Amino acid sequence: MTTARALVVPRNGDSSVLEVQDVDLAPPGDGEVQVEVAAVGVNFIDVYQRQGVYSLSTPFVSCSEGSGTVTAVGAGVEDVAVGDRVAWGAGLGAGGTVVNRAADTLVPVPDGVELDVAAAAMLQGMTAHYLVNSTYAVRPGTVALVHAAAGGVGQLLVQMVKAKGGTVVATAGSADKLEIARGLRADAVINYRDSADLAAEVRAANGGNGVDVAYDGVGKATFDASLASLRPRGLMVLFGGASGQVPPFDIQRLNASGSLFLTRPTLGSYTATREELLERGGSVLGDIAAGRLAVEIGGRYPLTEAATAYDDLEARRTTGKLLLIP
Ligand code: NDP
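The notes below deal with the structure included here. (Residues numbered from 1 in each chain as written. Predicted model: local features only at pLDDT ≥ 70, side-chain atom pairs only at ≥ 80, totals over all residues. Heavy atoms only, no water.)

Position of Arg 253 relative to the elements: it lies in helix H7 (residues 252-256). What makes Arg 253 partly exposed here is its relative accessible area of 32%. Once the C-alpha coordinates of Arg 253 and Leu 227 are considered, the two residues, 26 residues apart in sequence, prove to be 9.0 Å apart. For Arg 253, the side chain forms a polar contact with the side chain of Asp 224, separated by 2.8 Å. (Helix = DSSP H or I, 4+ residues; strand = E, 2+ residues; numbered from the N terminus. Buried < 20%, exposed > 50% of the residue type's maximum accessible area, 1.4 Å probe, protein only. Polar contact = N/O pair within 3.5 Å; in protein donor to acceptor, adjacent residues only side chain to side chain.)

What follows is the structure, given as structure tokens:
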């Protein structure tokens, strides 16, 4: 047994329920490795799970993303060894000083990428990667609407669309955040907190035309405007609900607005095989190592101050990626 500290959700609720507890960690089982954790990623999925939007039985150890160095290897693990630097973006129980992880969920961290940056890039980086490559294949000439463009996924989306020769109409909730989006080469920026008619502003920014694809992780507050911003046969990508979940939807609206497409994707379906996980994770980390993709670490918090990190995220006070440092 190894003694570790873990971020526990004892019952559903707001951030005040979070507790750091001492836990006895068993040696890694079949197909698992034990990792000394360098950094844990803070994500909205942790919030949805803690609140009970995604129902899990409590208590559970929070968080799904992190990085660290392998300290022990269980039976049947062949492609991971003690001393390897690894990162992961899925699988509950990542919030701890030492954790056991399924070896087939790990991505090797290449030289030239620090472990904290790797932790910051896995979940949001692979998400942005599948959104621009697989959910909609962005190419030169594509016009994309990116909401919350100064956020974790948002900053990466802006960079990836631009790298493919696309045009970005970005939204954010403050002048400072719009400046971040501009710095990442967004072609047009809109403060959606000030906007009386967001879809009209998006279209005006695109020469009066609808956009090809709307990347919307804000959800409830922006969904209608995103739909109204699309060109005929455009794609609405609802990938999250930072402002709340979108209520039930009348499918006839896709017809009335011009044969639109709607998808609600999740990372798990786009990293379903080991091959796809390694390809996506490797591509994101490789772009970071080569200086083609920048990750802003917007805040580092000790595990004991996790509640503050989540409060900041949920209150729109953050930019880029937040990390917990165990
Ligand atoms: P962000 O860093 O983007 O933080 C959320 C941002 O959303 C805020 O900073 C804020 O930016 C904006 N926002 C607008 N309205 C609200 C509101 N009422 N409450 C809180 N935030 C609001 O977070 P992430 O990058 O971690 O995640 C973005 C979205 O992507 C989330 O919905 C998340 O669930 C989703 N996601 C989905 C995945 C998938 O595979 N489907 C995987 C990973 C993330 P501003 O101040 O500029 O408005």
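Our focus in this paragraph is helix H9 (residues 306-314). Here H9 has its buried residues at Ala 306, Ala 309, Tyr 310, Asp 312 and Leu 313. Projected down its long axis, H9 carries its buried residues within an arc of 160°, all on one side. On its buried face, H9 sits against strand E1 (2-9), helix H1 (44-51), strand E15 (297-302) and strand E16 (321-325). Residue Arg 316 follows H9 closely and has a positive phi angle near 65°. (Arc of directions from axis to C-beta. Contact = heavy atoms within 4.5 Å.)

Here E1 runs beside strand E2 (residues 19-25); their pairing, made up of seven bridges, is antiparallel. Looking at the pairing, Thr 3 lines up with Asp 24 of E2. In terms of strand pairing, E1 meets strand E4 (residues 60-61) through two bridges, oriented antiparallel. From the neighbouring strand, Val 9 faces E4, where its bridge partner is Phe 60. (Pairing = 2+ DSSP bridges.)

Of all hydrophobic cores here, the largest spans 43 residues; its most connected members are Leu 157, Tyr 215, Leu 285 and Ile 288. Listing elements by their share of this core, those giving two or more residues are helix H2 (115-135), strand E9 (143-146), helix H3 (152-163), strand E10 (167-172), strand E12 (211-216), strand E13 (230-238) and helix H8 (274-289). The biggest single contributor to this core is H2, with 11 residues. Dropping the residues within four chain positions of it, Leu 285 is found in contact with Val 107, Pro 108, Val 109, Pro 110, Val 113, Ala 118, Ala 121 and Met 122. By size, the runner-up hydrophobic cluster in this structure holds 29 residues, among which are Val 17, Val 47, Ala 306 and Ala 309. (Core = buried A, V, L, I, M, F, W, Y, C linked by side-chain atoms within 4.5 Å.)

Enumeration according to the criterion identifies four aromatic pairs in this entry. Geometrically, the ring pair formed by Tyr 130 and Tyr 270 is stacked, given 4.1 Å between the ring centres and 5° between the ring planes. Here the residue Tyr 130 occupies a position in helix H2, and Tyr 270 occupies one in the loop between strand E14 (261-263) and H8, the gap between them amounting to 140 residues. Their ring planes at 90° and their centres at 5.4 Å tell us that Phe 223 and Phe 249 sit as a pair that is edge-to-face. A residue pair is termed long-range when its members are at least 10 positions apart, and Phe 223 in helix H6 (residues 223-228) and Phe 249 in the loop between E13 and H7 qualify at 26 residues. Over the ring of Tyr 310 we find Arg 50; its NZ or CZ atom is 5.8 Å from the centre of that ring. (Phe/Tyr/Trp six-rings, centres within 6.5 Å; stacked < 30°, edge-to-face > 60°. Lys NZ or Arg CZ within 6 Å of the ring centre and 35° of its normal.)

A separate point is unusual backbone geometry. The omega torsion across Thr 58 and Pro 59 is -5°, close enough to zero to call that bond cis. Tracing the backbone through its elements, the reader meets Pro 59 in the loop between H1 and E4. Even without being a glycine, Arg 233 presents a positive backbone phi close to 65°. Relative to the helices and strands, Arg 233 is located in strand E13. Residue class for Arg 233 comes out exposed when judged on its relative accessible area of 60%. Unlike most non-glycine residues, Arg 316 shows phi in positive territory, near 65°.

With 16 residues, H8 extends 22 Å between its outermost C-alpha atoms, agreeing within 8% with the 22 Å of an ideal straight helix rising 1.5 Å per residue. For H8, every residue scored as buried is listed here: Leu 277, Arg 280, Gly 281, Val 284, Leu 285 and Ile 288. Relative to the axis of H8, the buried residues are bounded by an arc of 120° and lie together on one face. Across from the buried face of H8, at angles greater than 90 degrees, the exposed residues are Glu 275 and Glu 279. Where the residues of H8 are buried, they touch strand E8 (107-108), H2 and H3. Downstream of H8 by a residue or two, Gly 291 has a phi angle that is positive, lying close to 80°. (Expected span 1.5 Å × (residues − 1).)

What follows concerns empty space enclosed by the protein. The tally for this structure, following the rule as stated, stands at one cavity of 30 Å³ or more. If you add up the space inside the largest cavity, you get close to 60 Å³. Contributing to the lining of the largest cavity are Ala 120, Gln 124, Gly 151, Gly 152, Gln 155, Leu 156, Gln 159, Ala 294, Val 295, Glu 296, Gly 320 and Lys 321. Elements with a contribution of two residues or more to the lining of the largest cavity: H2 and H3. Looking at which element gives the most residues to the lining of the largest cavity, the answer is H3, with four residues. Its residues placed into classes, the lining of the largest cavity shows four nonpolar, six polar and two charged. (1 Å grid on protein atoms, 1.4 Å probe; cavity = no way out; pocket = protein on both sides within 12 Å on 5 of 7 lines; lining within 4 Å. Points joined across faces, edges and corners; volume = space filled by probe spheres on them. Nonpolar A, V, L, I, M, F, W, Y, C, P; charged D, E, K, R; others polar.)

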